Amino acid sequence: MSLLNDRLDALRGPVPAKGHDARTLAALTTNPGCTRRALLDAAGIDKDAIAVHLGKPRPLAKSSLALRSGAVFEQQVKADGGAELLRLLREVLGLPLPEAAHTDLANVGTQDASLQVRHAYTRTAILEAVRSTSPARTLLDHPILQLTVAGNPVYLEPDVVAFQIDGVFHIVEIKSFAVVDGQADPAKVAAAVTQAAAYILALRELLDSEGIDQNKVSDDVILVMPRNFSRRATASVVDARKKVASLTRQLSRLTRIEPLLDTLPPHITFDLAPDQDNRPTRDPKALAEALQSTAARYTPTCRHFCDLAYVCRSEAREEGSIDVLGTAVRDDLGGIDHITTALRLSDGTREPSPDQSDLAAALQHAHAVHTQLRESA
Ligand code: SF4
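The rules we used
- Numbering of residues starts from 1 in every chain and runs along the sequence as written.
- Totals for whole chains, interfaces and linings use every residue, but because this is a predicted model, local features are given only for residues with pLDDT of at least 70 and side-chain atom pairs only at 80 or more, for both listing and counting.
- Each side-chain value is worked out from all heavy atoms of the structure, with water and hydrogens disregarded.
- Numbered from the N terminus, helices here are DSSP runs of H or I no shorter than four residues, and strands are runs of E no shorter than two.
- Type-normalised accessible area, obtained with a 1.4 Å probe on protein chains alone, sets the label of each residue: buried when under 20%, exposed when over 50%, and partly exposed for intermediate values.
- Contacts are assigned to residue pairs that have any heavy atoms within 4.5 Å of one another.
- With a 1 Å grid spanning the protein atoms alone, the term cavity applies to any set of points in which a 1.4 Å probe fits but cannot get out, the term pocket to an open set with protein on both sides within 12 Å along at least five of seven lines, and the term lining residue to any residue with an atom within 4 Å of a point.
- Grid points are joined across faces, edges and corners, and a volume is the space filled by probe spheres set on the points.
- Note on residue categories: nonpolar means Ala, Val, Leu, Ile, Met, Phe, Trp, Tyr, Cys or Pro, charged means Asp, Glu, Lys or Arg, and polar means any other residue, Gly included.
- An automatic or database domain assignment supplies the start and end points of every domain.
- Being near a molecule or strand, for a residue, comes down to having at least one heavy atom within 4 Å of it.
- Here the criterion for a molecule occupying a pocket or cavity is that more than half of its atoms lie within 2 Å of the pocket grid points.
- One fewer than the residue count of a helix, multiplied by 1.5 Å, yields its expected span.
- Each direction from the helix axis to a C-beta atom contributes to the arc, which is the arc of those directions.
- The buried area of a pairing is the accessible area, by a 1.4 Å probe, that goes missing from both parts when the two are put together, added over both.

A. Local environment of the environment of valine 244. Relative to the elements of secondary structure, valine 244 occurs in helix α8 (residues 241-254). For valine 244, a relative accessible area of 6% gives the class buried. C-alpha of valine 244 to C-alpha of asparagine 31: the two residues are 213 residues apart in sequence and 15 Å apart in space. Among residues more than four places away in sequence, those in contact with valine 244 are Ala197, Ile200, Leu201, Arg204 and Asp219.

This is the structure:
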């Protein structure tokens, strides 16, 4: 066991590390400046359990109705041997009809909670496809890929890997948010593409381990979504190159976690000290203090991807941090960390430092306009 692992284990306490999945990996790229998240993720700490113990859990991201309707849409697209999906792939990738074939791994290794068996089948199917001279297999449904994260294998489950299209693999993601008049919610599309980027990296890692050219995995991902709130599916090709690059950067940072650990006070731990029934016994006040010794970088978008969002938001509000106002305001007020400072510069009760003079003038102008508008209303 390495010294690094010992330090991470001490942060987590005597419970198994919580593994990554494609969503948590994708989240790494959304707020890369947050040391708190980087440390907790590296140690495999259950952030949701911490938030619950501190009385600030994140509400469920999706209702059970939305989850059910997402599952129904996915089943519909994959029904009849992936008939609808193949039709869409022919449309967007020009997949020739005779090459259409569908391999479903859903029933492979169902007794194996570790997913190793399904991963082994996936690996064999993919390598057979690369080495085969016949283009017989086209779609691999319910595959399991493996990605090395901070030295440990993480299993990931893409919706589909589509392959043998001019010898190039594509990741297909099936999402239940609608495309209306050709437009889908940009934030949801970005989240889906970031998730697909994790699958692209995992597939490339597999090929690389066999000395096969990683360019056989496309940077283009195929998003399949309902059209205009109907059950009719539509597909789009989206370039994931930037997301792949950004996720690669974040993963390399995870393996250099030691400098962040060095900033922590000695003997700090996020151990919830579970009792025999797995109920946390840790004093919430002590836990909150431990958390505050790590630097957070809250932004309102944290609510979409991080289990600690409500903990960090309340902390940022108590500190009067500019961060709660969002990244646009934070960038506009670069160099000012607190809302009180901005307010005092705007009403002239605080003398600006030389590097704040332009910003103070802009704030005072905004304050004067706001006062005039209020008085004339
Ligand atoms: S919610 Fe907190 S821990 Fe999570 S990314 Fe945002 S600031 Fe970091």
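Now that the structure has been shown, the text picks up again.
B. Looking closely at the layout of surface pockets. In this model, the second largest pocket occupies a volume close to 440 Å³. Lining the second largest pocket are 23 residues; nearest its centre among them are Ala17, Ala42, Val149, Ala150 and Asn152. Contributing elements (two or more residues each) for the lining of the second largest pocket: α1 (3-12), α3 (35-42) and β4 (152-156). Among the residues making up the lining of the second largest pocket, the classes are represented as eleven nonpolar, eight polar and four charged. Both of domain 1 (3-59 + 264-332) and domain 2 (64-252) provide at least three residues apiece to the lining of the second largest pocket.

C. Fine view of the site of the ligand. Around the ligand sit 13 residues, and of these Cys34, Cys302, Cys306, Ala309 and Cys312 come closest. The site holding the ligand turns out to be the largest cavity. Elements that contribute at least two residues to the shell around the ligand include exactly α3, α11 (302-305) and α12 (309-319). Broken down by class, the residue content of the shell around the ligand amounts to nine nonpolar, one polar and three charged.

D. Spatial organisation of helix α15 (residues 357-376). Its 20 residues place the ends of α15 29 Å apart at the C-alpha level, agreeing with the 28 Å of an ideal helix rising 1.5 Å per residue. Of all the positions in α15, only Leu359, Ala360, Leu363 and Thr371 are classed as buried. For α15, the angular spread of buried residues about the axis comes to 105 degrees, placing them on one side. Those residues of α15 that are exposed and aimed more than 90 degrees away from the buried face are Asp358, His365, Gln372, Leu373 and Ser376. Contact partners of the buried residues in α15: α13 (327-332) and α14 (339-346).

E. Region of the structure containing unusual backbone geometry. Non-glycine residue aspartate 181 carries a positive phi angle of around 50 degrees. Looking at where aspartate 181 falls in the secondary structure, it is placed in the loop between β6 (168-174) and α7 (186-209). Of the residues examined, aspartate 181 reaches a relative accessible area of 67% and is grouped as exposed. At histidine 267, a residue that is not glycine, the phi angle is positive and equals roughly 65 degrees. Residue placement: histidine 267 occurs in the loop between α9 (258-262) and α10 (284-292). Owing to a relative accessible area of 79%, histidine 267 belongs among the exposed residues under this scheme.

F. How the structure looks around the domain arrangement of the chain. Each assigned domain of the chain is listed with its residue range as follows: domain 1 (3-59 + 264-332) and domain 2 (64-252). For domain 1 and domain 2, the distance between their C-alpha centroids amounts to 30 Å. If you look at the interface, domain 1 gives nine residues, while domain 2 gives 14 residues. Both sides together, the interface formed by domain 1 and domain 2 hides about 930 Å², and carbon and sulfur atoms give 73% of it.

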